Amino acid sequence: MTESNDHRPAGAEAAVLLQSVEMPEDAVLVQGPDFNKKLSLTDLMSSYRTMGFQASALGDAIEIVKEMRRWRLSDEPITEDEQEEWRDMEKRRNTKCKIFLGYTSNLVSSGMREVIRFLVEHKMVDVVVATAGGVEEDFIKCLAPTYLGEFSLKGSDLRKQGLNRIGNLLVPNNNYCKFEDWVVPILDKMLEEQKEKKTIWTPSTMIHRLGKEINDPSSIYYWCAKNDIPVYCPAITDGSLGDMIYFHSYRNPGLIIDIAADIRSMNNEAVFARKTGMIILGGGLIKHHICNANLMRNGADYAVYINTAQEFDGSDAGARPDEAVSWGKIRADSKSVKVYAEASLVFPLIVAETFAKEIHTSSS
């Protein structure tokens with residue numbers, strides 16, 4: 001290494017003062033909100049896209065959801081091989097993107113339940129995929145409340161008190177006893193209809209029935225049943241509902257729940273859709289079930305993932321949208337984003353800026 005006349009090492013200077021390329025004219029400048037101004041929620045959220053990090057991911061998620069909601073088949077040109085039924089312009093204007101919403105059980109245990117209920121109450125999503133806990137916790141909340149606690153509460157003490165902890169939420173065990181008292185007579189009626197009317201029960205038809213039976217507008221599945229929004233739960237037995245089915249098999253054996261019929265129905269939701277979008281809160285079963293259904297149509301057109309999982313362990317929960325592209329579960333030309341965040345922090349903001357704004361703007 002040689003020294004220049006001003007005694008600065010030339011190699012170090014060249015390394016530190018490396019010349020940049022010119023940035024393109026449409027390059028986005030990093031900028032945050034200006035709190036010297038009185039900002040509305042919309043003003044604040046609009047600034048997220050240019051803030052960087054997960055704020056930008058959240059801003060992208062909002063824009064992708066807006067596009068899911070805006071899309072109509074009439075936006076697309078009619079191809080030469082288009083079927084005759086799809087050439088009618090009125091039908092094309094009324095054909096929307098089919099939105100799949102998936103979520104894990106802890107979100108229904110939390111106040112996110114009311115956010116999800118709003119979406120199905122107003123028919124803002126088309127297909128729901130939930131875990132068993134995501135189903136039963138909704139019904140249990142119609143029967144008895146869940147309470148706010150602390151993450152630090154000691155498990156052995158709570159066990160003695162008959163209190164179940166879900167993060168910083170507390171669910172008295174009596175709630176599950178009330179759930180048993182409510183659901184077992186319905187299982188009896190389902191078995192009776194299976195025997196007398198040859199009814200074939202699936203997880204989705206079972207959830208539809210429970211939604212009608214609860215008859216409570218605070219319930220997610222009351223509105224799903226009322227608005228004919230299908231709810232798929234391939235692991236229906238993996239929770240308190242499974243416990244009730246297990247005990248019922250001894251008390252009044254014979255009830256059959258057919259998961260094969262539901263996988264055909266779930267996959268067909270995607271196969272026969274002209275455009276699909278996925279909003280997936282959390283990971284695991286619900287994430288894969290929605291993505292795999294969209295594989296049947298060579299991938300979803302839009303995808304928003306919200307979870308805290310990382311991809312270094314190869315888990316499906318941690319996988320970014322691009323991994324799903326490699327499987328054909330999301331299309332290569334799709335618009336997709338993963339927001340690395342806990343869903344209760346960010347999803348209400350997304351709903352406020354998309355679905356809820358749409359409802360309140362149209363009503364005013």
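In this text the structure is predicted, and so the values were computed from the model without any measurement.

A.B. asks: It is not clear to me how a nonpolar patch on the surface should be interpreted in this structure. Could you clarify?
C.D. replies: Taken together, Tyr246, Phe247 and Tyr250 make up a surface patch of nonpolar side chains, about 390 Å² in accessible area. Of note, Phe247 is situated in helix H12 (residues 240-251).

A.B. asks: What exactly am I supposed to notice about the packing of aromatic side chains here?
C.D. replies: For any pair of aromatic rings, the description consists of the separation of the ring centres together with the inter-plane angle of the planes. Under the definition given, this model contains six aromatic pairs. Ring geometry for Phe139 versus Tyr221: centroids 5.6 Å apart, planes at 45°, classification tilted. Here Tyr221 lies in helix H11 (residues 220-226) and Phe139 lies in helix H7 (residues 132-143), a separation of 82 residues in the sequence. As far as burial versus exposure is concerned, Phe139 and Tyr221 are alike and both buried. Directly above the ring of Trp327 sits Lys329, whose terminal nitrogen or CZ lies 4.8 Å from the centroid.

A.B. asks: Would you explain unusual backbone geometry in this entry?
C.D. replies: What you tend to see is this: most non-glycine residues have negative phi, and most peptide bonds are trans. A positive phi is found at Asn215, a non-glycine position, where the angle reads about 50°. Tracing the sequence through the fold places Asn215 in the loop between helix H10 (203-214) and H11. With relative accessibility at 58%, the residue Asn215 sits in the exposed group.

A.B. asks: When you look at the packing of helix H13 (residues 259-271) against helix H14 (residues 285-295) in this model, what are you seeing that I'm missing?
C.D. replies: For any two helices packed against each other, one specifies the crossing angle of their axes together with the interaxial distance. H14 packs onto H13 with a crossing angle of 65° between their chain directions and a minimal axis gap of 7 Å. Crossing of H13 against H14: the hand is right-handed. Across from Ile263, Met266, Asn267 and Ala270 in H13, the residues of H14 making contact are His289, Ile290, Ala293 and Asn294. For the contact of H13 with H14, the class distribution of residues is five nonpolar, three polar and no charged.

A.B. asks: I would appreciate a short explanation of the sheet that holds strand E4 (residues 163-166) in the present structure.
C.D. replies: Within a sheet, adjacent strands bond to each other through the backbone by hydrogen bonds, running parallel or antiparallel. Read across the open sheet, the three strands follow the order E3-E5-E4; overall the sheet is antiparallel. Whereas interior strands pair on both sides, the edge strands pair on one side only; in this sheet they are strand E3 (147-148) and E4. Sheet topology places E4 next to strand E5 (residues 169-172); four bridges connect them, and they run antiparallel. Its bridge partner lying in E5, Ile166 is registered against Leu169.

A.B. asks: Explanation requested: the side chain of Asn267 in the structure shown.
C.D. replies: Mapped onto the elements, Asn267 comes out in helix H13. Sequence-distant contacts of Asn267, defined by excluding residues within four places in its chain, comprise Ala293 and Met296.

A.B. asks: Help me understand the sheet that holds strand E7 (residues 276-281) in this model?
C.D. replies: Across the sheet, six strands lie side by side as E6-E2-E1-E7-E8-E9; this open sheet has parallel pairing. The open sheet is flanked by strand E6 (231-232) and strand E9 (330-340), the only strands paired with a single partner.

A.B. asks: Help me understand the pattern of salt bridges, please; the structure alone is not making it clear to me.
C.D. replies: Oppositely charged side chains are able to pair whenever their charged atoms sit close together. Taken as a whole and assessed by the stated rule, the structure comprises 24 salt bridges. In this structure, Lys335 and Glu67 form a salt bridge, with 2.8 Å as the shortest nitrogen-oxygen distance. In this pair, Lys335 sits in strand E9 while Glu67 sits in helix H3 (residues 53-70), placing the two residues 268 residues apart along the sequence. The salt bridge partner of Arg320 is Glu311, with a shortest N-O separation of 3.0 Å. Sharing partners across several salt bridges, the network here consists of Glu76, Lys275, Arg297, Asp301 and Arg331.

A.B. asks: Before we go on, may I ask you to explain the environment of Lys329 in this structure?
C.D. replies: Mapping Lys329 onto the fold places it in the loop between helix H15 (321-327) and E9. Exposure remark for Lys329: the relative accessible area of 7% places this residue in the buried category. Along the primary structure Lys329 and Thr205 are separated by 124 residues, whereas in three dimensions their C-alpha atoms are 26 Å apart. Excluding residues within four positions of it along the chain, Lys329 makes contact with Met278, His288, Cys291, Asn292, Asn294, Leu295, Gly299, Ala300 and Ala324. At 3.2 Å, the side chain of Lys329 forms a polar contact with the side chain of His288.

A.B. asks: Could you clarify how one ought to interpret the state of the cysteines in this entry?
C.D. replies: In this structure the tally under the stated criterion is zero disulfides. No disulfide involves Cys142; its nearest neighbouring cysteine sulfur is the one of Cys224, lying 12 Å away. There is no disulfide at Cys291, and the cysteine sulfur nearest it, in Cys97, is 14 Å away.

Cut-offs and rules
Residues numbered from 1 in each chain as written. Predicted model: local features only at pLDDT ≥ 70, side-chain atom pairs only at ≥ 80, totals over all residues. Heavy atoms only, no water. Patch = residues over 30% accessible without salt bridge, like charges linked within 9 Å, V, L, I, M, F, W, Y side chains within 5 Å. Areas by Shrake-Rupley, 256 points an atom, 1.4 Å probe, with all protein chains shown as cover. Salt bridge = Lys/Arg side-chain N within 4 Å of Asp/Glu carboxyl O. Helix = DSSP H or I, 4+ residues; strand = E, 2+ residues; numbered from the N terminus. Phe/Tyr/Trp six-rings, centres within 6.5 Å; stacked < 30°, edge-to-face > 60°. Buried < 20%, exposed > 50% of the residue type's maximum accessible area, 1.4 Å probe, protein only. Lys NZ or Arg CZ within 6 Å of the ring centre and 35° of its normal. Axes fitted to C-alpha atoms, helices over the stretch in contact; angles between N-to-C directions. Left-handed = near helix turned anticlockwise from the far one by under 90°. Contact = heavy atoms within 4.5 Å. Nonpolar A, V, L, I, M, F, W, Y, C, P; charged D, E, K, R; others polar. Pairing = 2+ DSSP bridges. Polar contact = N/O pair within 3.5 Å; in protein donor to acceptor, adjacent residues only side chain to side chain. Disulfide = S-S within 2.5 Å.

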